[in-house]
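Architecture at a glance
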Amino acid sequence: MTVTKAYLVAALAAATLIVPATHPAEAHGRQQTLRQAAPHHLRVGTAAAGGGHHLDQPYPDPFTYDQPYRRVLAQEFSSVSPENQMKWEFIHPERNKYNFGPADAIVRFARRNGQVVRGHTLLWHSQNPAWLQEGQFTPAQLRSILRNHIFTVVGHYRGQIQQWDVANEILDENGQYRQENPFIKALGPGIVADAFRWAHQADPHAQLFLNDYGVEWPGAKVDAYEALARQLLADGVPLHGFAAQAHLSMQYGAPDQLQSVLQRFDNLGLQTAITELDVRMTLPAGGVPTQEQLQTQATYYTTVLKACLAVRGCNSFTIWGFTDKYSWVPVFFPTEGAATVMWDDFERKPAYYALRATLAAAR
Ligand code: 9MR
């Protein structure tokens, strides 16, 4: 056969058309999202950005207005956690007034997109409204305030919340009950069991969790949580799960003992979950992470995911926001950042691809 100019032109055209688009693995990989890649038993979630630190930023509430953000949120995730919208100061701003609108919008969005919702949170020392924090209440009044809050909020979302973070950050790093928590301070640690009982009565199908940070490595805090979980279970309290938030910083080392921590709670018959994963780093001058930093970050993300995948009852893996555009990290740690899996424009970082590949390999 004679190679004519026309043949060469046609061959070149075919090559340019075909080669980039038809590599099967590449084409498939490009289409898959995190939720599509995940094994069926595992929910892959994110916080839905709004409230909290966003109120001080020069942009409107992200969840309600950013359409490209909402598209990614719907496509990539099968679970959503209101970042702030279900916290006391948002949902119960005055003693006799509840504000369900912003959280309702998230629950509706989740239903439309086939997502479950993680409720966050009912008993915490932070982001409580001034009326509660500064009010003068007797112990009996505080107890009935908490009870009413739990029945009202959990009841409002009855049947629509997969998992509730009932108790958030109730222990300090030494495993002691936090006295900053107004309910624990006034009523003692026994109020934790009551909170679980009330939440269970208000929504018998919701799975009820203890949730905290600083439990990614063994130590006094994990020991205290394990003792608490054993006690609650022995007392017949409806506790269903233990969750590690997993706010990691690369300066503190890899989360290489997380699997063994989760396993201890799995051994008690509890579910486990990762609820707020992000991996921050100290940014070089100029603010752009190095390739090496991004690779280390990807490894941290996948170490956490693999820990969850290796533990039988770990059924929920949530990252605390998916784009640096809305991350809480630079606001709270001014020298650190780049903690999420996507850049400001939703372009994906190595950590995103590493998570997706790890999910796909576990399917
Ligand atoms: O991401 C939340 C941010 O918008 C709030 O300003 C902040 C206030 O404490 O809370 C952030 O979320 C926290 C979560 O509710 C509980 N664990 C730690 C999270 C990061 O601070």
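From a predicted model like this one, the values you see are computed outputs, not experimental measurements.

**What to know about the state of the cysteines**
Cysteine pairs can be linked by a disulfide, which is a covalent bond between their two sulfur atoms. With the rule as written, the count across this model stands at one disulfide. The disulfide bridge from cysteine 308 ends at cysteine 314, spanning 2.0 Å between sulfur atoms. Here the disulfide of cysteine 308 and cysteine 314 is left-handed, its torsion about the S-S bond being about -100°. Each member of the pair, cysteine 308 as well as cysteine 314, carries the same accessibility label: buried.

**With respect to the packing of aromatic side chains**
Per the counting criterion, the structure on display carries 16 aromatic pairs. Ring geometry for tryptophan 88 versus phenylalanine 183: centroids 5.5 Å apart, planes at 40°, classification tilted. Highlighted residues: tryptophan 88 in helix H6 (residues 88-91) and phenylalanine 183 in helix H10 (residues 182-187), separated in sequence by 95 residues. For the residue pair tryptophan 88 and phenylalanine 183, the accessibility class agrees, reading buried in each case. Three or more aromatic residues link up through ring pairs in this structure, and these residues are Tyr59, Tyr69, Phe77, Phe322, Tyr326 and Phe346. In this structure, arginine 118 packs its charged tip against the face of phenylalanine 209, placed 5.2 Å from the ring centre. Its end group placed over the ring of tryptophan 343, lysine 349 keeps NZ or CZ at 4.7 Å from the ring centre.

**With respect to the pairing of strand S8 (residues 271-282)**
Extensive coverage of S8 is indicated by the burial of eleven of its twelve residues. By the bridge criterion, four bridges tie strand S6 (residues 241-244) to S8 in an arrangement that is parallel. Bridge pairing links glycine 241 to glutamine 271 in S8. The sheet contact formed by strand S7 (residues 247-249) and S8 spans three bridges and is parallel. Looking at the pairing, histidine 247 lines up with aspartate 278 of S8. Relative to strand S9 (residues 314-319), S8 runs parallel, the two being bridged by four bridges. Bridging from a neighbouring strand, threonine 272 pairs with cysteine 314 of S9. Regarding topology, helix H14 (residues 291-310) serves as the crossover connection from S8 to the parallel S9, and that connection is right-handed. For S8 and strand S10 (residues 336-337), the ladder comprises two bridges, and the chain directions are antiparallel. Looking at S10, one finds that threonine 282 is bridged to glutamate 336.

**Here we look at the site of the ligand**
By nearness alone, 16 residues border the ligand, and His53, Glu83, Lys87, His120 and Glu276 come closest of all. Between the ligand and the protein, one listed contact pairs an oxygen atom with a side-chain N or O atom of asparagine 84 at 3.0 Å. Within the contact set of the ligand, an oxygen atom lies 2.9 Å away from a side-chain nitrogen or oxygen of tryptophan 320. Protein coverage of the free-state accessible area of the ligand, which is 460 Å², stands at 90%. Residue composition of the shell around the ligand, by class: four nonpolar, eight polar and four charged.

**Description of the packing of helix H12 (residues 220-234) against helix H13 (residues 258-266)**
Close contact between H12 and H13 brings their axes to 10 Å; oriented N to C, the two are set at 15°. On the basis of the axis angle, H12 is roughly parallel to H13. Relative to H13, the crossing made by H12 is right-handed. Where H12 abuts H13, its residues Val222, Asp223, Tyr225, Glu226 and Ala229 lie against Val261, Arg264 and Phe265. In the contact of H12 with H13, the residues fall into five nonpolar, no polar and three charged.

**Regarding the environment of isoleucine 161**
For isoleucine 161, the position within the fold is in the loop between helix H9 (139-156) and strand S4 (163-168). A relative accessible area of 5% means that isoleucine 161 is categorised as buried. Along the primary structure isoleucine 161 and alanine 103 are separated by 58 residues, whereas in three dimensions their C-alpha atoms are 11 Å apart. Apart from the residues within four sequence positions on either side, isoleucine 161 is in contact with Met86, Val117, Arg118, Gly119, Asp203 and Ala206.

**Concerning the nonpolar core**
Counting 100 residues, the largest nonpolar core has Trp164, Ile170, Ile274, Leu277, Phe317 and Phe322 as its most contacted members. With sequence-adjacent residues up to four places away left out, leucine 277 is seen in contact with Gln245, Ala246, Leu248, Tyr301, Val304, Phe317, Thr318, Ile319 and Trp320. Judged by nonpolar contacts, the second largest core, of five residues, contains Trp320, Trp328, Val329 and Ala339.

**Quick look at the confidence of the model for the chain**
When pLDDT is averaged along the chain, the result is 93; 91% of the residues meet or exceed 70. Overall, residues 1-29 carries pLDDT values under 50, and its contacts beyond four positions in sequence, including any with other chains, amount to seven contacts.

**Let's talk about the pattern of salt bridges**
Tallying each qualifying case throughout the model produces twelve salt bridges. A salt bridge links arginine 230 to glutamate 226; the nearest nitrogen and oxygen atoms lie 2.9 Å apart. Residue arginine 230 and its partner glutamate 226 are located together in helix H12, separated by four residues, close to a single helical turn. According to the relative accessible area criterion, arginine 230 is partly exposed, its value standing at 48%. Residue glutamate 226 is classed as buried on the basis of its relative accessible area of 12%.

Cut-offs used in this document
Residues numbered from 1 in each chain as written. Predicted model: local features only at pLDDT ≥ 70, side-chain atom pairs only at ≥ 80, totals over all residues. Heavy atoms only, no water. Disulfide = S-S within 2.5 Å. Buried < 20%, exposed > 50% of the residue type's maximum accessible area, 1.4 Å probe, protein only. Phe/Tyr/Trp six-rings, centres within 6.5 Å; stacked < 30°, edge-to-face > 60°. Helix = DSSP H or I, 4+ residues; strand = E, 2+ residues; numbered from the N terminus. Lys NZ or Arg CZ within 6 Å of the ring centre and 35° of its normal. Pairing = 2+ DSSP bridges. Right-handed = clockwise from strand over helix to strand, strands pointing away. Near = heavy atom within 4 Å. Polar contact = N/O pair within 3.5 Å; in protein donor to acceptor, adjacent residues only side chain to side chain. Areas by Shrake-Rupley, 256 points an atom, 1.4 Å probe, with all protein chains shown as cover. Nonpolar A, V, L, I, M, F, W, Y, C, P; charged D, E, K, R; others polar. Axes fitted to C-alpha atoms, helices over the stretch in contact; angles between N-to-C directions. Parallel < 35°, antiparallel > 145°, perpendicular 65-115°, else oblique. Left-handed = near helix turned anticlockwise from the far one by under 90°. Contact = heavy atoms within 4.5 Å. Core = buried A, V, L, I, M, F, W, Y, C linked by side-chain atoms within 4.5 Å. pLDDT = per-residue confidence, 0-100. Salt bridge = Lys/Arg side-chain N within 4 Å of Asp/Glu carboxyl O.

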